[in-house]
Amino acid sequence: MELIQNNADLSAYLAADEAIDHHHPAVREAAARLAGEAEDSYAYARAAYEFVRDAIPHSADSGDPRVTWRASDVLEQRTGICYAKAHALAALLRAEDIPAALCYQRLAHDDGAGWAVHGLVAVRFHGAWHRQDPRGNKPGVDARFSLDGERLAWVPDRERDEVDYPFLYAEPHPAVLGALKAARDRPHLWKTLPTAL
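Residues numbered from 1 in each chain as written. Predicted model: local features only at pLDDT ≥ 70, side-chain atom pairs only at ≥ 80, totals over all residues. Heavy atoms only, no water.

With that settled, the discussion passes to the overall build of the chain. On a plain count of helices and strands, the chain comes out with seven helices and six strands. In the chain, the succession of helices and strands from N to C terminus is β-α-α-α-α-α-β-β-β-β-β-α-α. For 197 residues, the compact-globule estimate of 2.2 N^0.38 gives 16 Å, and the C-alpha radius of gyration of the chain, at 15 Å, lies within 12% of that figure. Over its C-alpha atoms, taken along the principal directions, the chain stretches across nearly 45 × 35 × 30 Å. A buried classification covers 51% of the 197 residues belonging to the chain. When the accessible surface of the chain is totalled, it reaches about 9,200 Å², and 47% of it is carbon and sulfur. Between the centroid of the 22 positive side chains of the chain and the centroid of its 30 negative side chains there is a distance of 4 Å. (Helix = DSSP H or I, 4+ residues; strand = E, 2+ residues; numbered from the N terminus. Rg over C-alpha atoms; globule rule 2.2 N^0.38 Å. Buried < 20%, exposed > 50% of the residue type's maximum accessible area, 1.4 Å probe, protein only. Areas by Shrake-Rupley, 256 points an atom, 1.4 Å probe, with all protein chains shown as cover. Lys, Arg positive; Asp, Glu negative; His and termini not counted. Charge placed at Lys NZ, Arg CZ, Asp CG, Glu CD.)

Below you can see the structure in the form of structure tokens.
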């Protein structure tokens, strides 16, 4: 699949905004710690990915009812769903001047009753974008950082009307950010998740 930048200006994928607040001290501290242990930008990107994937539980897996959406909140509260974890990873990457985009999939619910949009990150290396899924592994999910072929949590099944959206966003999609900001708690969010973009 050819990935398509929503914004032609690459600098947009380094910018801070209200969700990807990489100027925040919590993001800067985490980035500095991870960068101090990394030998180069590739090692840093992998370390940031593995930190978000492994050290910040997906709130549905952990049963945490809190809804986070700002990268700094995700890092401070150590919880978030896929979108929030994607915001945290994008912020950590951008904090070290690595272009990062937000991208999405539409996946069917396990029971087959409808769909939900799933959030990913794309990182730019070697003049190309590489999608990563920091949602967190669990039985049946084995996502890995990779610049050589995708290792995402899920591959959309066209027979179930699942979709890989090709667009790379510099900011969270408005439908995603709106759902996160309006949610009282995770059970409420589960009822209002976007089903398509």
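Next comes the rest of the description.
In the structure shown here, the tally under the stated rule is five aromatic pairs. Summarising the aromatic geometry, the rings of tyrosine 42 and phenylalanine 125 are spaced 4.6 Å apart at their centres and angled 45° between planes, so their arrangement reads as tilted. With tyrosine 42 in helix H2 (residues 41-55) and phenylalanine 125 in strand E3 (residues 115-125), this residue pair connects regions lying 83 residues apart in the sequence. Through pairs of rings, three or more aromatic residues link up here, namely Tyr83, Tyr104 and Tyr169. It is arginine 33 that lies over the ring of phenylalanine 51; its NZ or CZ is 5.1 Å from the centre. (Phe/Tyr/Trp six-rings, centres within 6.5 Å; stacked < 30°, edge-to-face > 60°. Lys NZ or Arg CZ within 6 Å of the ring centre and 35° of its normal.)

What follows deals with the pairing of strand E2 (residues 100-108). In terms of burial, E2 is largely enclosed, as nine of its nine residues are buried. Across the two faces of E2 the burial is the same, with Ala100, Leu102, Tyr104, Arg106 and Ala108 and Ala101, Cys103, Gln105 and Leu107 all buried. Where E2 lies against E3, nine bridges are found, and the strand directions are antiparallel. Looking at the pairing, alanine 100 lines up with valine 123 of E3. As consecutive antiparallel partners, E2 and E3 are separated by six residues, and within that stretch glycine 112 has a phi angle of approximately 80°, a positive value. Here E2 pairs with strand E5 (residues 163-164) via two bridges, running antiparallel. The residue bridging arginine 106 from the neighbouring strand is valine 163, located in E5. (Pairing = 2+ DSSP bridges.)

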